[in-house]
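Below, each chain spelled out in residue letters.
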Amino acid sequence: MDETLTRINEGVQLHHQQGRREAARDLFAQVWEEIGGERGDPLHVCVLAHSMADVQDDVHEEQLG
């Protein structure tokens, strides 16, 4: 099992099932750092960037993020 995707899923669950947007945002930021940001594995970057956009407070941040 892919540990990075598992952690991203934990953040998705924090947001969608528990309503803990800020906690999800914090987890996603930590994972983003760990994978090396945009230099990380393309699958991880894509899935994580999409998940991060979903927890932005401002619609403009979601579109740019």
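This text follows the structure it describes.
This is a predicted model, so every value here is computed, not measured. (Residues numbered from 1 in each chain as written. Predicted model: local features only at pLDDT ≥ 70, side-chain atom pairs only at ≥ 80, totals over all residues. Heavy atoms only, no water.)

### Details of the overall build of the protein
- Counting its secondary structure elements, the protein contains four helices and zero strands.
- Listing the helices and strands of the protein from first to last along the sequence gives α-α-α-α.
- Counting over 65 residues, the protein shows a buried share of 32%.
- Contacts in the protein between residues at least 24 apart in sequence constitute 46% of all its contacts with a sequence separation of at least 6.
- Summed over all atoms, the accessible surface of the protein reaches about 4,500 Å², with 49% contributed by carbon and sulfur. (Helix = DSSP H or I, 4+ residues; strand = E, 2+ residues; numbered from the N terminus. Buried < 20%, exposed > 50% of the residue type's maximum accessible area, 1.4 Å probe, protein only. Contact = heavy atoms within 4.5 Å. Areas by Shrake-Rupley, 256 points an atom, 1.4 Å probe, with all protein chains shown as cover.)

### Looking at the pattern of salt bridges
- Within the structure shown, the criterion is met by two salt bridges.
- Between arginine 25 and glutamate 22 there is a salt bridge, with the nearest N and O atoms lying 2.6 Å from each other. Of the two residues, arginine 25 and glutamate 22 both sit in helix α2 (residues 21–35), three residues apart, roughly one turn of that helix. (Salt bridge = Lys/Arg side-chain N within 4 Å of Asp/Glu carboxyl O.)

### Examining the packing of α2 against helix α3 (residues 42–54)
- With their axes 10 Å apart at the nearest point, α2 and α3 run at an angle of 155° to one another. With respect to their mutual orientation, α2 and α3 come out roughly antiparallel. As for the relative orientation of α2 and α3, their crossing is left-handed in sense. Residues Arg21, Phe28, Ala29, Val31, Trp32 and Ile35 of α2 lie in contact with α3, whose contacting residues are His44, Val45, Leu48, Ala49, Ser51, Met52 and Asp54. (Axes fitted to C-alpha atoms, helices over the stretch in contact; angles between N-to-C directions. Parallel < 35°, antiparallel > 145°, perpendicular 65-115°, else oblique. Left-handed = near helix turned anticlockwise from the far one by under 90°.)

Note that every value here comes from positions in space, so none of it alone points to a role or purpose.
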